[in-house]
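One-letter residues, chain by chain:
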Amino acid sequence: MKAVVNGKIVLKNSVVENKVIVFDKKIIDICDEVPDNCEIIDANGNYVSPGLIDIHIHGCKGFDAMDEDENAVEIISKGLVETGVTSFLPTTMTMSPERIYKAFDNIIKAKNKNIKGAKVLGAHMEGPFINERHKGAQNPKYIYSPNFDFIKNYTDIIKIISYSPEVDKDFEFTKQVKKETDIVLSICHSDASYSTGKEAKDLGVTNITHLFNGMTPLNHRNPGVVGLGLMSDMYCELIADKIHINKELFQFVIDNKGKDKLVLITDSMRAGCMPDGEYDLGGQTVYVKENSARIANGSLAGSVLTLNKAVYNFKENTNLNIYEAINLASLNPAKSIKVDDKKGSLEIGKDADIAIFNKDMDCLATIVEGDIIYNKIN
């Protein structure tokens, strides 16, 4: 057994001090005294947090989930623990079917491998079933109409499909996915009207991908996909890098969306945790400068954000306290992909996914399912 002592323990509804969190692969107890024969981790007065969960990340450390290199996902995984992320969904993008399937095969291998890094929970398939009008940095050459046959061999690994419901003829794809799989459907890169989006929601679409970015905006005559996200109980991803979304909107979003259904993500591409320069995303050159990643036409191409800094940015620009801000990147993403029975909060019986952060949300240590993977404290 191991025990974390001398920390401010971030629970889902409070922060507690003068307690000990005891664990092996799972959390055994949160108590007053250290049991005998425990390996001690001294948090030195820092925050002891649930591990963060990034449900939308393409890459970091120079690698991308779409790389044909089968070690790419493992390298991303090992990079993420340095930011307090303990589990994630490697995210594909709009490329050829062969490249997408190769990415799925690599994600399956990484999921089944005992990687000393963040846990691979499955894949997030962003595109190719999107609306060209809002393609962003996705390659229009590989945009396809929604087709269940495209995904039928990979329904076990896919956790989320981000797509445009308005290009789904008679919602046939939507209905089949909801009938035959547990895959979460999320609206993205979409020109849907509010009413079309609401119809998709009524058919079981529960999420909206990177709210505000690549979708119909909030308008007083057509509330659009943004209005649907803010006025419904759908889970909404948000890229809180202060570039994709103006920081002045953060409080507006939390006031209207509420604290339970907002999910912070990074949408990071391979330049995450890397210096400024030129990088590749889906075969397109991306120029990274001053925390912004853009293709030649100026469109944002994902981000270079880390999830711990997303939490920090959101907390600093809203009235949320620390546990409420951390929930947006731990408990809420876990709920959104239905893994909150095992992950997302520090509770007895859940996986021992733990991160230690200082007051600036810099990661000092990361524990994945009981294993100390990253440690800058001792």
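In the block above lies the structure referred to throughout.
### Focus: the environment of Asn 46
On the secondary structure map, Asn 46 appears in the loop between strand S6 (39–42) and strand S7 (47–50). Along the chain, Asn 46 and Lys 8 lie 38 residues apart, while their C-alpha atoms are 6.0 Å from each other. When sequence neighbours within four positions are dropped, the list of residues in contact with Asn 46 reads Asn 6, Gly 7, Lys 8, Ile 356, Phe 357, Asn 358 and Leu 364. A distance of 2.9 Å separates the side chain of Asn 46 from the backbone oxygen of Ala 43, its partner in a polar contact.

### Some details on the sheet that holds strand S1 (residues 2–5)
Read across the sheet, 4 strands follow the order S5-S4-S1-S6 without closing on themselves; strand pairing throughout is mixed. Every other strand in the sheet has two partners, leaving strand S5 (27–31) and S6 as the edge strands with one partner each. Across the sheet, the mean angle separating the axes of adjacent strands is 20° when strand polarity is ignored.

### Considerations on the sheet that holds S7
Read across the sheet, 6 strands follow the order S3-S2-S7-S22-S23-S24 without closing on themselves; strand pairing throughout is mixed. Both outer strands of the open sheet, strand S3 (15–16) and strand S24 (371–375), are each paired with one neighbouring strand and no more. When strand S23 (residues 363–368) meets S24, the two strands line up antiparallel, connected through 4 bridges. In the sheet register, Ala 365 faces S24, and the bridge partner there is Asn 375.

### Some words on the state of the cysteines
Taken as a whole and judged by the stated rule, the model has 0 disulfides. Summary of cysteine pairing: Cys 188 is not part of a disulfide, and the nearest cysteine sulfur, belonging to Cys 236, is at 13 Å. Cys 188 gets classed as buried once you look at its relative accessible area, which sits at 0%.

### Let's talk about the pairing of strand S18 (residues 262–265)
The side chains of a regular strand alternate between the sheet's two faces. Every second residue of S18 is oriented toward a common face, with Leu 262 and Leu 264 on one face and Val 263 and Ile 265 on the other, all of them buried. Alignment of strand S17 (residues 235–239) against S18, held across 4 bridges, turns out to be parallel. Within S18, the residue paired with Ile 239 across the bridge is Ile 265. For the crossover from S17 across helix H7 (residues 249–257) to S18, the handedness is right-handed.

### Regarding the side chain of Asp 351
Along the chain, Asp 351 turns up in the loop between helix H10 (331–336) and strand S22 (354–357). Engagement of the side chain of Asp 351 in a polar contact is seen with the side chain of Lys 26, the distance being 2.6 Å. Setting aside its immediate chain neighbours within four residues, Asp 351 contacts Lys 25, Lys 26, Ile 27, Lys 342, Lys 343 and Glu 369.

### Considering the nonpolar core
Of all hydrophobic cores here, the largest spans 101 residues; its most connected members are Ile 151, Leu 264 and Phe 314. Discounting residues that sit within four places of it in the chain, Leu 264 has contacts with Leu 238, Ala 240, Leu 307, Ala 310, Val 311, Phe 314, Ala 325, Leu 328 and Ala 329. Counting 16 residues, the second largest nonpolar core, distinct from the first, contains Val 48, Leu 346, Leu 364 and Ala 365.

### Quick word on unusual backbone geometry
In this model, Gly 127 is joined to Pro 128 through a cis peptide bond whose omega is 5°. Tracing the chain through its elements places Pro 128 in the loop between strand S13 (123–126) and helix H3 (148–151). Even without glycine at this site, His 189 takes up a positive phi of about 40°. Looking at the secondary structure, you find His 189 in the loop between strand S15 (184–187) and helix H5 (194–202). With a relative accessible area of 7%, His 189 lands in the buried category.

### Brief notes about the packing of H5 against helix H6 (residues 224–231)
Across the interface, H5 lies against H6 with an axial gap of 8 Å and an inter-helix angle of 45°. Taken together, the axes of H5 and H6 lie oblique to each other. H6 is crossed by H5, and the crossing has right-handed handedness. Where H5 approaches H6, its residues Tyr 194, Gly 197, Lys 198 and Lys 201 are matched on the opposing element by Gly 224, Gly 227, Leu 228 and Met 231.

### Comments concerning the packing of aromatic side chains
For the structure shown, the criterion picks out 8 aromatic pairs. Centroid distance Phe 129 to Phe 150: 5.3 Å. Interplanar angle 75°. Geometry classified as edge-to-face. Of this pair, Phe 129 sits in the loop between S13 and H3 while Phe 150 is found in helix H3, placing the two residues 21 residues apart along the sequence. For Phe 129, a relative accessible area of 0% puts it in the buried group. A relative accessible area of 10% places Phe 150 in the buried class.

Calculation notes
Residues numbered from 1 in each chain as written. Predicted model: local features only at pLDDT ≥ 70, side-chain atom pairs only at ≥ 80, totals over all residues. Heavy atoms only, no water. Helix = DSSP H or I, 4+ residues; strand = E, 2+ residues; numbered from the N terminus. Contact = heavy atoms within 4.5 Å. Polar contact = N/O pair within 3.5 Å; in protein donor to acceptor, adjacent residues only side chain to side chain. Pairing = 2+ DSSP bridges. Axes fitted to C-alpha atoms, helices over the stretch in contact; angles between N-to-C directions. Disulfide = S-S within 2.5 Å. Buried < 20%, exposed > 50% of the residue type's maximum accessible area, 1.4 Å probe, protein only. Right-handed = clockwise from strand over helix to strand, strands pointing away. Core = buried A, V, L, I, M, F, W, Y, C linked by side-chain atoms within 4.5 Å. Parallel < 35°, antiparallel > 145°, perpendicular 65-115°, else oblique. Left-handed = near helix turned anticlockwise from the far one by under 90°. Phe/Tyr/Trp six-rings, centres within 6.5 Å; stacked < 30°, edge-to-face > 60°.

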